[in-house]
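The primary structure of each chain is shown beneath.
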Protein chains: 2
Amino acid sequence: MKTAHVDELDTAERVLTAASHLFYRHGVRAVGVEWIVTESGVAKTSLYRHFHTKDDLIAAFLEREDREFWMQWDQVVNDNAGDPLRELLALLDWIGQRVSRDGYRGCPQINVAAEFSDDEHPARRIRVRHKAAMYERLSALMRRIGARQPDDVAHQIALLIDGAFTSDGRLQHVGATRILQSAARALLGGEPVRARPSGARPKSQGQRQRRPR
Amino acid sequence: MKTAHVDELDTAERVLTAASHLFYRHGVRAVGVEWIVTESGVAKTSLYRHFHTKDDLIAAFLEREDREFWMQWDQVVNDNAGDPLRELLALLDWIGQRVSRDGYRGCPQINVAAEFSDDEHPARRIRVRHKAAMYERLSALMRRIGARQPDDVAHQIALLIDGAFTSDGRLQHVGATRILQSAARALLGGEPVRARPSGARPKSQGQRQRRPR
DNA sequence: AGTATTCGATACCGATCGGTAGCGCTGGAG
DNA sequence: CTCCAGCGCTACCGATCGGTATCGAATACT
């Protein structure tokens, strides 16, 4: 059915890629389909053959952003498996780098959702799901770390992350990663218990030590 | 020159009020001038007599939001003058209530700025100024509180606040104020020094005590 | 009273919006 | 070889975009 040239990009893929870049950089309402057509080098007819409406294209953009975000998240998690605290710090490092990149313009979920008022709009639904998933993962992670109030800390770290997302490179010169990581450490209560790689459940939040520097 | 009926609203004022509500609720690009005309009950000609372009109207909207935000901020500050920590907690309480209100749709500066890509656009300029002012105030406050690393903590609390702004009522049922305040306390390093109401400059961050509960 | 300004109303401008119709080409599957 | 789905191209649709022109009524300052 669909084979085409293996070395060339799929038509739908080219459309979605071009649309994603434009949507992210300029906002979805600022980008007309004609612009996407020009940028992707695809006929308008073909665009509408794969995405029935512009809203479908917007939804596809956000769905893909969502998928890729969690893929990278999981990658960082897997690279630091075993030590939950290390996992958290690695995630914050990844986010710190992400928001410091040139051309970073915030979280697409937040940005696009703000352009629509109808809560039934796919953009807003996807955003809600995305942020709920974020909290769930953080909450589970806080439990594994052994935080005393895992739900509260999860909410707080979620706030830090969303704040970093909207910072638009404001933290670039002070070190986004450093700010995020030290905040997380503080939120976990000074110096949290370092859990053993082999599932040692931390129960006492014993010896507090001054921060290394 | 301009007196008009004292009991009636100024024409420009009616336009700006209607535009502000629509802009905030639906996003600036989703709202056409015709819609503002209908909602304000003002002739299109009159609208353009006071605001030469739609961008001028958008800028006026954001400028006013900025002014009113700092007016309320200063109000909270004045109501809690003397004790810097109390001041901070009161500010976070105010923000917690603000983001929990029905119909809260995030920070207008963040939302509108995301709809434009040109950094020279007034919306993005005002946003940068607004957020810079936020950091400056927080940084000064952290110094008055006696935080050990005032700049870092200021950045971290700014992240919390921006995160709360974009939470869209997600913290409503867990208590936004509680989450924000406990985060701030933790970021200040357990229990920070409580400054005397009469200008006692805290220099040593002496006795650390375990959190009350 | 006279004059200048501001108002609302309507009609209009070119440009662009999201989306569709029709046509001619092409390349891979049967 | 035949067939046909997917492609690019162009022309087009009604609706709406931001913004302007014109005009008569109402208002305010001198």
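Residues numbered from 1 in each chain as written. Chains lettered and ligands numbered in written order. Predicted model: local features only at pLDDT ≥ 70, side-chain atom pairs only at ≥ 80, totals over all residues. Heavy atoms only, no water.

A. Examining the overall build of chain A more closely. A count of helical and extended segments in chain A gives 9 helices and 0 strands. Starting at the N terminus and ending at the C terminus, chain A contains elements arranged as α-α-α-α-α-α-α-α-α. For chain A, with 213 residues in total, the buried portion stands at 51%. A separation of at least 24 residues holds for 64% of the contacts in chain A among residues at least 6 apart in sequence. Here chain A displays about 11000 Å² of accessible surface, and carbon together with sulfur accounts for 49% of that area. (Helix = DSSP H or I, 4+ residues; strand = E, 2+ residues; numbered from the N terminus. Buried < 20%, exposed > 50% of the residue type's maximum accessible area, 1.4 Å probe, protein only. Contact = heavy atoms within 4.5 Å. Areas by Shrake-Rupley, 256 points an atom, 1.4 Å probe, with all protein chains shown as cover.)

B. Geometry of the protein's contact with DNA strand C. Near DNA strand C there are 18 residues, and of these K44 and K54 of chain A together with T11, T45 and S46 of chain B occur at the shortest range. When atoms of DNA strand C within 4 Å of the protein are split into backbone and base, the sugar-phosphate part holds 52%. T11 of chain B places a polar side-chain atom, nitrogen or oxygen, 2.8 Å from a phosphate oxygen of DNA strand C. In the environment of DNA strand C, a phosphate oxygen lies 3.1 Å from a nitrogen or oxygen atom belonging to the side chain of H50 of chain B. Looking at the surface near DNA strand C, the elements that each hand over two or more residues are α3 (44-50) of chain A together with α3 (44-50) of chain B. (Near = heavy atom within 4 Å. Polar contact = N/O pair within 3.5 Å; in protein donor to acceptor, adjacent residues only side chain to side chain.)

C. Structural context of the interface of chain A and chain B. With 42 residues of chain A in contact, the opposing surface of chain B contributes 42 residues. Summed over both partners, the interface of chain A with chain B comes to about 3600 Å²; 49% of that surface belongs to carbon and sulfur atoms. The largest share of the area that chain A buries against chain B comes from H155, L159 and R170 of chain A, three residues that together contribute 16% of it. Linking chain A with chain B are 6 salt bridges. Taken together, the connections running from chain A to chain B amount to 18 residue pairs in polar contact (both at pLDDT 80 or more). Contributions of two or more residues to the side of chain A that touches chain B are made by α1 (11-26), α6 (108-113), α7 (122-145), α8 (150-165) and α9 (176-187) of chain A. At 8 residues, the largest contribution of residues to the side of chain A that touches chain B is made by α8 of chain A. (Buried area = accessible area lost by both parts, 1.4 Å probe. Salt bridge = Lys/Arg side-chain N within 4 Å of Asp/Glu carboxyl O.)

D. Local environment of helix α8 (residues 150-165) of chain B. Counted at 1.5 Å a residue, the expected span for α8 of chain B with its 16 residues is 22 Å, and the 22 Å between its end C-alpha atoms agrees. Most of α8 of chain B sits out of view: 15 of its 16 residues are buried. (Expected span 1.5 Å × (residues − 1).)

E. How the structure looks around the relation of the copies chain A and chain B. With an RMSD of 0.0 Å, the operation that places chain A on chain B is a rotation of 180 degrees combined with a shift of 0.0 Å along the axis. The transformation relating the two chain copies, once decomposed into turn and shift, fits a two-fold axis. Proximity to the rotation axis, assessed at the C-alpha, singles out G163 of chain A in chain A; its C-alpha lies 2.0 Å from the axis. Both copies contact each other with a shared surface, as 98% of the interface residues of chain A are interface residues in chain B too. (Least-squares fit on C-alpha atoms with pLDDT ≥ 70 in both.)

F. Inspection of the nonpolar core at higher detail. Ranked by size, the top nonpolar core spans 84 residues in total, and within it M142 and I157 of chain A together with M142 and I157 of chain B carry the most contacts. Setting aside residues no more than four positions away along its own chain, I157 of chain B makes contact with L88, L92, L138, M142, A184 and L187 of chain B. Within the second largest apolar cluster, 23 residues are counted, among which are A12, L22, F51 and A60 of chain A. (Core = buried A, V, L, I, M, F, W, Y, C linked by side-chain atoms within 4.5 Å.)

G. Focus on unusual backbone geometry. The residue D168 of chain A is not glycine, and still its phi comes out positive at about 50 degrees. Examined against the element boundaries, D168 of chain A turns out to sit in the loop between α8 and α9.

H. Region of the structure containing the side chain of E87 of chain A. Inspection of the secondary structure assignment puts E87 of chain A in helix α5 (residues 84-100). In this structure, E87 of chain A is in contact with V77, N80, A81, G82, L141 and R144 of chain A, ignoring residues within four places of it in sequence.

I. Region of the structure containing the packing of α5 of chain A against α7 of chain A. Residues and elements named next belong to chain A. Taken N-terminus to C-terminus, the directions of α5 and α7 make an angle of 140 degrees; their axes are 8 Å apart at the nearest point. Here α7 runs oblique to α5, going by the angle between their axes. Judged by residue contacts, P84, L85, E87, L88 and L91 of α5 engage L141, M142, R144 and I145 from α7. Residue classes in the contact of α5 with α7 are distributed as 7 nonpolar, no polar and 2 charged. (Axes fitted to C-alpha atoms, helices over the stretch in contact; angles between N-to-C directions. Parallel < 35°, antiparallel > 145°, perpendicular 65-115°, else oblique. Nonpolar A, V, L, I, M, F, W, Y, C, P; charged D, E, K, R; others polar.)

In short, shape yes, function no, at least from these values alone.
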